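Overview (structure and organization)
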Amino acid sequence: MNVIKLEIEKCIKERKYIAPLISIVFFIAISAYFASHDPRGRDYFTYTYYVFILNCRVIFPIIVAIFFTNVLVKEFEKKTARIHFLKPYGREKALLYKYIAGSVIISIIFILTFFVYELILLIVFKIKGLEIFNIYEFSFKEFYLRAYSTLLLQIVFLITFGAMVFIIGIITKKGIITILISLLILISEQRGLFLDIIPKRILFLSTAAKYNYMLQLDKMVYISYLYDLMLNISTLLGFILISFLLIRRIELD
Amino acid sequence: MNSLEVKSVTKIIKNKKILNNISLEANDGQVVGLIGPNGSGKSTLFKVITNIYNPTIGKVFVDNIDLQKEYEKISSEIGFLIEEPSLYENLTGKENLMLISKLYNKFDSNIFEEVCNELEINKFLNVRFNKCSMGMKQKIGIAAAIIHNPKYIILDEPTNSLDAESIIKFKRLIKTLATRGKTIILSSHILSDVEEICDKIYILQNGEIIDCINNQENKHCIQYLIYTEKFNLRIDQIPIIEKDGQKVLIVKEEQLNDILNMLSRNNIRIFKIQEKRNTLQEKFIERIGYNECD
């Protein structure tokens, strides 16, 4: 716990949060602009939620790729991996602590962004006199359950994607190559290039933003949702295991 | 059993043999020097000793613990500075040192203060590492190697970028650490410094250890150069060279009387006898050769 705290402190002191924050401010500004100009008849909640989750397919994975590369690969590039990975708790735990610290930071940034984004757009909608909330056929409780369970899946998806970035980073040890490969994988998935090799049912990448339409469904598809959540968690555990095997074998130089 | 033992280590990187069957030993309280030309494999050997590299063949034992298998057990007892100081650029010197000692779970404010005072780094501890000069960085790098009070200290060219005064203080610090039972292995191209502080010196060339010098014995080893007229006599185990038309016999102290008697018996004229104390530099040149030293 102490090491995770130190790792988070280090990330904050090294200002590794700056790049994600700039990207998010940019993201909020653009989304707010579009929302205020073209809400396409949707109410505030449905619209902002739709735009936010949809962007989880593109903008947030890019932010995650850059952030996790910064967290891990910079250690190899600056040779500080020697400090971090040659400690009494071992390379695997050092990697895990780093990953947990990175995941905590990215989750906080993600959740904060969601609420700040919602707040900003609420103000924009109010000023513009646009519809705030449509009467749904389901209750408020159901509404929040759907909204937050989707958010949870996105967070799990993002940290799973971060674990994949870690694996690429351990192999390449080069920041720019790690980011490029991660983005290439992301684009390839969106273009359906993986489907010939990996069935969609077991491809965690295909779960990104899958439930952005959740608020518009009459009946929520919880079974499918839980399956995708478990798929992400098991992929995440698999990635961590692979990272452990790799970090034990690589040379820290 | 030695407290640090490198056993028949070979390291191959990209099909190139960087280290070839290296063995070395270091005991408690011993300062061991590693010298050799650039590219001889010193830094690679340090990386193997600190587990940055895994040896291709061979093993490293620290306190009888197999470093590659059980590094975690011994890692807090190893401190190192290899090549340049590898610290976090955006943190201050103080933050870096605090981080390291906390990661080892061995933060001790007394040791922290002592190390900072000894190395005189207090005045720039609050400067961000990337704003420090090379000398400042080097001092903080040395401090980072010893801040968690390790038993084994590995320093690769630690006096790089240090000014003369700092080098003197550094040598004093190393001697103090050795008297406290620390085992120190260091490399340097400044042979007089190595000679001054090391108990044992390994000479490395092309990835192989070509000599191990007991520095105490070497310091007391006196040789005599006997300049004589030319002769055809064969003398076993005595190096003889020709210089300015004269023969020069290189004789150890204990051989001197016998050789002088033998020369006298054979009526060989002696021009002069010169006393020569063996310096590390001479020994190094003798083993490595002038071309490599260039």
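Positions within a chain are numbered from 1, following the residues in the order the chain's sequence is written. Think of it this way: whatever chain is written first is A, whatever ligand is written first is 1, and the rest follow in order. Confidence filtering applies because this is a predicted model: local features only for residues at pLDDT of at least 70, side-chain atom pairs given and counted only at 80 or more, and all residues used for totals across whole chains, interfaces and linings. Here the side-chain values reflect all heavy atoms present in the structure, with hydrogen atoms and water set aside.

With that out of the way, let us pick up the UniProt feature "transmembrane region" (unreviewed entry) in chain A. Residues and elements named next belong to chain A. Per the UniProt entry, the sites bearing "transmembrane region" (unreviewed entry) are residues 17-35, 47-73, 94-127, 147-172 and 225-247 in this numbering. Going along the chain from the N terminus, every DSSP run of H or I of four or more residues is numbered as a helix, and every run of E of two or more is numbered as a strand. End-to-end, the C-alpha atoms of residues 94-127 are 49 Å apart, and along that stretch the chain is 100% helix and 0% strand. When the span residues 225-247 is considered, its composition is 100% helix and 0% strand, and the gap between its end C-alpha atoms is 33 Å. UniProt positions are given in the numbering used here, feature names are shortened, and annotations may be inferred rather than shown by experiment.

Let's shift gears to the environment of E229 of chain B. Residues and elements named next belong to chain B. Within the secondary structure, E229 is located in the loop between β11 (222-228) and β12 (240-243). Only protein chains enter the accessibility calculation, which uses a 1.4 Å probe; a residue is then buried when its area is under 20% of its type maximum, exposed when over 50%, and partly exposed in between. Judged by its relative accessible area of 28%, E229 falls in the partly exposed class. In sequence terms E229 and V248 are 19 residues apart; their C-alpha atoms lie 8.8 Å from each other. Polar contacts involving the side chain of E229 include one to the main-chain amide nitrogen of R269, which spans 2.8 Å. Polar contacts, as counted here, are pairs of nitrogen or oxygen atoms within 3.5 Å of one another; within protein the pair requires one atom able to donate a hydrogen and one able to accept it, and residues that are adjacent in sequence qualify only if both atoms are side-chain atoms.

Before going further, it helps to examine the sheet that holds strand β13 (residues 246-252) of chain B. Within a sheet, adjacent strands bond to each other through the backbone by hydrogen bonds, running parallel or antiparallel. Residue and element names in this part refer to chain B. If you walk across this open sheet you meet the four strands as β12-β13-β11-β14, and the pairing is antiparallel. Unpaired on one side and paired on the other, β12 and β14 (270-277) mark the two borders of the sheet. Adjacent strand axes in the sheet meet at a mean angle of 25 degrees, parallel and antiparallel pairs treated alike. In the sheet, β11 pairs with β13 via six bridges, with the strands oriented antiparallel. Its bridge partner being in β13, L225 is matched across the sheet by I250. Along the sheet, helix α9 (residues 256-265) contacts β11, β13 and β14; its crossing angle with β11, the most-contacted strand, is approximately 10 degrees. Only strands joined by at least two bridges in the DSSP assignment are considered to pair. Lines fitted to C-alpha atoms define the axes, with helix axes restricted to the stretch in contact, and inter-axis angles between N-to-C directions lie between 0 and 180 degrees. Any two residues having at least one pair of non-hydrogen atoms within 4.5 Å are treated as being in contact.

What follows is about helix α1 (residues 42-49) of chain B. Residues and elements named next belong to chain B. Extensive coverage of α1 is indicated by the burial of eight of its eight residues. Residues K42, S43, T44, L45, F46, K47, V48 and I49 constitute the buried set of α1. In the segment just after α1, N51 is the residue with positive phi, at about 70 degrees.

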